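Topology and contacts: notes
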Amino acid sequence: MQLTGEQLIGHQAVRGEGRELLAINPHDQQPIPSPVFNCASAALVNEACVLAEQAFDSFRSVAPELRARFLEEIAEGIVGLGPLLTERAHLETGLPMARLEGERGRTVGQLRLFASVLRQGRWQDATLDSALPDRQPLPRPDLRMCKIALGPVAVFGASNFPLAFSVAGGDTASALAAGCPVVVKAHRAHLGTSELVGRVIQEASKRLELPEGTFSLIVGDGNDVGQQLVSHPAIKAVGFTGSRSGGLALMRAAAARPEPIPVYAEMSSINPVFLLPGALSARAKSIATGFIDALVMGAGQFCTNPGIVLAVDGPDLEAFLDKAGAHLGDKAAQTMLTPGIHSAYSQGIDRITSQPCVQAVASGQPDLGATQAQGHLYQTTFESVAANAQLLEEVFGPAAIVIRCQNVNEMLAFAKSIEGQLTATLHLEDEDLGIAQGLVQAMEKKAGRVLVNGFPTGVEVCDSMVHGGAFPATSDSRTTSVGSTAIDRFLRPVCYQNLPNVLLPEALKQNNPLNIWRLVDGKTTAPKG
């Protein structure tokens, strides 16, 4: 497949009319000379959105089985790109090839998961309440409810996952599964990778003869294209993974429209780790090793990176710090995704080290390149953190702060006062269960995922996963961007009263032509066969 640097507008490939862009190699910060991309003009953004609007009724009416095949063909196409995809992604992001192969597997797995979701039919939430014409004092009409697609969706590719949270990532997969056309804004950090995947989606759409506006991919630099996209009246929802400032800007733009729309933004999180006394006594060194491995994984560029550790002061904490510091000292610096991310990381380190109440514990091996990140571990006290909220701001990279607590009550107070988080982790033994109960109750109100005796950097793609959390981890704590229930973001319920069978959606027709799970008069009915 030949890269051209073109925008993918419906079934067409079109040269942008704005300023020229080149992808950047993060290892040396030098431009990758081919191809040259051009930013989308306002006219191209409008064309992509209008095509999506025109495609909506046709695409949402496409049989779930055909949409499932669409997702599977995208998955097969991404696999079929072979090393061409991972080599280009490595060139643009600096991520190791093994990591990129794993991310390709995750991306393909997400697409296939939503194909399975479509075939099961539970996503439609089909519910039927039969008419009761003889009920006293008033009869009940025939009432039926199911969920339908919300409308065209704008998806913003994430910097740190060039495949799994990008052009064919979870936002796109779940929106397409719901029956929503998608307009993706490619991330500036992986333009060629985005085009390769975008062409796979475009070709699959053509082969299956889906409406032309089912998918478009646009390229832009800065905020203008994104703001135009979110403000366009055809767009009915937004999927975003990125910084808090970026997510808030999109939320403001969406709220200012004549018709406000939901922005499902996954933004910032420091993902606290609570080391309870029994666990620290029994496993201080092994916990320290696992923690540092999680901290520096992928240069710390994960939204679930553990950035805060809390433990009760004492000899066991000293053992943890000694082992963590020694293990961190062996870790090599790693290239970060973009110069901008590296600059923000450096500023975050400067912010931490400028605080007199913070002491350095250890650092990783020195950075050798302009965009390499050296790991850092710091310590402070609960009292200092309580008086200085700056210490709890996310630092996107391999840096963490250990908070020394005088007792478990300070750990619980922290859990109750902290902002919303994507994850919260507890390391515990049986003797810690009494303490853990209060922490779980506090953190389940803040975090989308609470885990025990592990680390949060692995986000499994499955039915039960929640990758979300209270604000500011996400813009809507009721949703997830990973897992099968991510489809719910792009659906809305509609009730049909006394409609003739022929006018009902397929999911609600009397003979259950889709053969799906339904709730009929309060009883769950299984598919036949």
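Use the structure listed above.
Described in the following lines is the structure provided in the data block. It should be emphasised that the depicted structure is a prediction, and the values quoted were computed from it without experimental measurement. (Residues numbered from 1 in each chain as written. Predicted model: local features only at pLDDT ≥ 70, side-chain atom pairs only at ≥ 80, totals over all residues. Heavy atoms only, no water.)

**Some remarks on the overall build of the chain**
A count of helical and extended segments in the chain gives 14 helices and 25 strands. The C-alpha atoms of the chain give a radius of gyration of 25 Å, which matches the 24 Å a tight globule of 529 residues would have. For the chain, the spread of C-alpha atoms along the principal axes amounts to about 75 × 65 × 45 Å. Of all 529 residues assigned to the chain, the portion counted as buried reaches 56%. For the chain, restricting intrachain contacts to residue pairs at least 6 apart in sequence, the fraction spanning at least 24 positions comes to 75%. Accessible surface, the chain as shown: approximately 20,900 Å² in total, 52% of it carbon and sulfur. (Helix = DSSP H or I, 4+ residues; strand = E, 2+ residues; numbered from the N terminus. Rg over C-alpha atoms; globule rule 2.2 N^0.38 Å. Buried < 20%, exposed > 50% of the residue type's maximum accessible area, 1.4 Å probe, protein only. Contact = heavy atoms within 4.5 Å. Areas by Shrake-Rupley, 256 points an atom, 1.4 Å probe, with all protein chains shown as cover.)

**Section: the side chain of Gln301**
Mapping Gln301 onto the fold places it in the loop between helix H9 (277-296) and strand S15 (308-312). Overall, Gln301 belongs to the buried group, its relative accessible area being 1%. In terms of polar contacts, Gln301 uses its side chain to reach the backbone amide nitrogen of Leu337, at 2.8 Å. Those residues in contact with Gln301 that sit more than four places away from it in its chain are Asn160, Thr335, Met336, Leu337, Ile341 and Phe396. (Polar contact = N/O pair within 3.5 Å; in protein donor to acceptor, adjacent residues only side chain to side chain.)

**Some points on the pattern of salt bridges**
Under the counting rule described, the total for this entry stands at 25 salt bridges. For Asp57, the salt bridge goes to Arg60, with nearest N and O atoms at 3.1 Å. Of this pair, Asp57 and Arg60 are both found in helix H1 (residues 42-60), three residues apart, which corresponds to roughly one turn of the helix. Across the salt bridge formed by Glu203 and Lys206, the nearest N and O atoms sit 3.6 Å from each other. Of this pair, Glu203 and Lys206 both sit in helix H6 (residues 191-207), three residues apart, which is roughly one turn of that helix. By relative accessible area, which is 33% here, Glu203 ends up partly exposed. Among the residues examined, Lys206 registers a relative accessible area of 33% and is labelled partly exposed. One continuous salt-bridge network, built from bridges that share partners, spans Glu6, Glu195 and Arg199. (Salt bridge = Lys/Arg side-chain N within 4 Å of Asp/Glu carboxyl O.)

**Let's talk about the sheet that holds strand S17 (residues 359-363)**
With mixed pairing, seven strands are arranged side by side in an open sheet as S17-S19-S20-S15-S14-S21-S22. At either end of the open sheet lies a strand with only one pairing partner, and these are S17 and strand S22 (447-452). Each neighbouring strand pair of the sheet contributes to a mean axis angle of 20°, computed without reference to strand direction. Note: strand S14 (residues 272-275) against strand S21 (residues 421-427), three bridges, orientation parallel. By the bridge assignment for S21, Val273 is matched with Thr425. On the sheet, helix H13 (residues 408-417) packs against S14, S15 and strand S20 (399-405) and is oriented at approximately 150° with respect to S15. On top of the sheet, helix H14 (residues 433-443) reaches S14, S21 and S22; it is set at about 175° to S21, its chief contact. (Pairing = 2+ DSSP bridges. Axes fitted to C-alpha atoms, helices over the stretch in contact; angles between N-to-C directions.)

**Re the nonpolar core**
Counting 55 residues, the largest nonpolar core has Phe70, Ile74 and Ile78 as the members making the most contacts within it. Contributions of two or more residues to this core are made by H1, helix H2 (64-80), helix H4 (97-120), strand S9 (153-156), helix H5 (170-178), strand S10 (182-185), H6 and strand S11 (215-218). Once you skip the residues sitting within four places of it in the chain, Ile78 turns out to touch Leu85, Arg104, Thr107, Val108, Leu111, Ala168, Val197 and Val200. Ile341, Ala399, Ile401 and Cys405 belong to the second largest nonpolar core, which has 37 residues in total. (Core = buried A, V, L, I, M, F, W, Y, C linked by side-chain atoms within 4.5 Å.)

**Re the sheet that holds strand S8 (residues 143-149)**
Pairing within the open sheet is mixed, and its five strands lie in the order S23-S8-S7-S24-S25. Pairing within the sheet leaves two strands with one partner each, and these edge strands are strand S23 (491-497) and strand S25 (523-525). In this sheet, adjacent strand axes meet at a mean angle of 25° when their direction is disregarded. In the sheet, strand S24 (residues 518-520) pairs with S25 via three bridges, with the strands oriented antiparallel. Each residue of the ladder has a partner; that of Val520, found in S25, is Lys523.

**Points about the packing of H9 against helix H10 (residues 315-329)**
The relative placement of two packed helices comes down to the angle between their axes together with the axis-to-axis distance. Where H9 contacts H10, the axes come no closer than 8 Å and their chain directions differ by 30°. Regarding the angle of H9 to H10, the classification is roughly parallel. Of the two elements, H9 crosses H10, and the hand of that crossing is right-handed. Contacts from Leu280, Ser281, Ala284, Lys285, Ile287, Ala288, Thr289, Phe291, Ile292, Asp293 and Val296 in H9 reach Asp316, Leu317, Ala319, Phe320, Lys323, Ala324, His327 and Leu328 in H10. Tallied by class, residues from the contact of H9 with H10 come to twelve nonpolar, three polar and four charged. (Parallel < 35°, antiparallel > 145°, perpendicular 65-115°, else oblique. Left-handed = near helix turned anticlockwise from the far one by under 90°. Nonpolar A, V, L, I, M, F, W, Y, C, P; charged D, E, K, R; others polar.)

That is the geometry; function is a separate question.
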